[in-house]
Amino acid sequence: QVQLVESGGGLVQPGGSLRLSCTASGSIFSINTMRWYRQAPGKQRELVAAITSGGSTNYADSVKGRFTISRDNDKNTVYLQMNSLKPEDTAVYYCNMDILRPGTLVPYTYWGQGTQVTVSS
């Protein structure tokens, strides 16, 4: 089986920073795209940032210039550095990875359990 475990959420004041981490463990052959999503109360889950296995990235317009996604392939880990945080960034943040398990031909998308980020004074 494969498990994704997130960490790094918490309470931060407006203008502050947080760094989220998400590590995959288990039976893994390779990991393609890694993503961060978020869901605020009463809103749909939205894609925040994504990074391919080749290192290409894309961001939601609302976080461009403030958030940075990165990955460490040796550690099966994706990071989200969040700077200049705003109250509207408050949400549960989820990681998501397309993982190819040994002996399979098609990657499957796995999700983390979510970590709360609250931006408030």
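Report on the accompanying structure. (Residues numbered from 1 in each chain as written. Predicted model: local features only at pLDDT ≥ 70, side-chain atom pairs only at ≥ 80, totals over all residues. Heavy atoms only, no water.)

1. Considering the state of the cysteines
Basically, it comes down to this: The definition used for a disulfide is geometric: two cysteine sulfur atoms within 2.5 Å. Note on conventions: DSSP H or I runs of at least 4 residues are helices, E runs of at least 2 residues are strands, and numbering of each starts at the N terminus. Exposure is judged per residue with a 1.4 Å probe applied to protein chains only, and the accessible area is read against the type maximum: over 50% gives exposed, under 20% gives buried, and values in between give partly exposed.
For the structure shown, the criterion picks out one disulfide. The side chain of Cys22 participates in a disulfide bridge whose partner is Cys95; the two sulfur atoms lie 1.9 Å from each other. The disulfide joining Cys22 to Cys95 has a torsion of about 50° about its S-S bond and is therefore right-handed. Remark: Cys95 occurs in strand β9 (residues 91-100) and Cys22 occurs in strand β3 (residues 18-26); sequence separation between them is 73 residues. A relative accessible area of 0% places Cys95 in the buried class.

2. What about the pattern of salt bridges?
To keep it simple, the criterion reads: Within this document, salt bridges are pairs made up of a side-chain nitrogen of Lys or Arg and a carboxyl oxygen of Asp or Glu, the two lying within 4 Å of each other.
Here the structure, examined in full by the defined rule, presents five salt bridges. Ionic pairing is found between Glu46 and Arg38, a salt bridge with its closest N-O pair at 2.7 Å. Glu46 sits in the partly exposed class, given a relative accessible area of 33%. With relative accessibility at 6%, the residue Arg38 sits in the buried group. Each of Arg38, Glu46, Arg66 and Asp89 takes part in salt bridges that share partners, so that together they form one network.

3. Quick look at the nonpolar core
The nonpolar side chains of a soluble globular protein tend to be buried with one another. To keep things clear, this is the line we draw: The set of buried Ala, Val, Leu, Ile, Met, Phe, Trp, Tyr and Cys residues whose side-chain atoms join them within 4.5 Å is what this entry labels a nonpolar core. Working rule for contacts: check all heavy atoms of both residues, and any pair within 4.5 Å makes them a contact.
By size, the foremost hydrophobic cluster in this structure holds 30 residues, and its most contacted members are Leu4, Trp36, Val78, Leu80, Met82, Tyr93 and Met97. At the level of secondary structure, the elements contributing two or more residues to this core comprise β1 (2-7), β3, β4 (30-39), β5 (46-51), β7 (67-72), β8 (77-82), β9 and β11 (115-119). For this core, the element with the most residues is β9, which contributes five residues. The residues touching Met82, leaving out its near neighbours within four places in the chain, are Gly16, Ser17, Leu18, Leu20, Arg66, Phe67, Tyr93 and Val117.

4. Digging into unusual backbone geometry
With a phi close to 50°, Asn76 is a non-glycine residue in the positive phi region. Along the chain, the position of Asn76 falls in the loop between β7 and β8. Unlike most non-glycine residues, Ser84 shows phi in positive territory, near 50°. Within the secondary structure, Ser84 is located in the loop between β8 and β9. The exposure class of Ser84 is partly exposed, given its relative accessible area of 42%.

5. Re the sheet that holds β1
The cut-off we apply is this: Pairing between two strands requires that DSSP report at least two bridges joining them. Fitting a line to C-alpha atoms yields each axis, with helices limited to the stretch in contact; the angle taken between N-to-C directions then spans 0 to 180 degrees.
In space, the four strands of this open sheet follow the order β1-β3-β8-β7, with antiparallel pairing throughout. Lying at the two open borders of the sheet, with one neighbouring strand each, are β1 and β7. Averaged over all pairs of adjacent strands, the angle between strand axes in this sheet comes to 15°, irrespective of strand direction. In terms of strand pairing, β7 meets β8 through six bridges, oriented antiparallel.

6. Remarks on the packing of aromatic side chains
Using the following cut-off: A pair of Phe, Tyr and Trp rings is counted when the ring centres sit within 6.5 Å of each other, with Trp represented by its six-membered ring. The angle between the planes then sorts it: under 30 degrees is stacked, over 60 is edge-to-face, the rest tilted. Only when the NZ of Lys or the CZ of Arg is both within 6 Å of the ring centre and within 35 degrees of the ring normal is a charge said to sit over the ring.
On inspection of all chains with the given rule, the structure shows three aromatic pairs. With 4.9 Å between their ring centres and 70° between their planes, Tyr108 and Tyr110 make a pair best called edge-to-face. Tyr110 sits in the buried class, given a relative accessible area of 11%. What links up through ring pairs into an aromatic cluster is the set Tyr37, Tyr94 and Trp111. We note Arg19 situated over the ring of Tyr79; from NZ or CZ to the ring centre the distance is 4.0 Å. Over the ring of Trp111 we find Arg45; its NZ or CZ atom is 4.8 Å from the centre of that ring.

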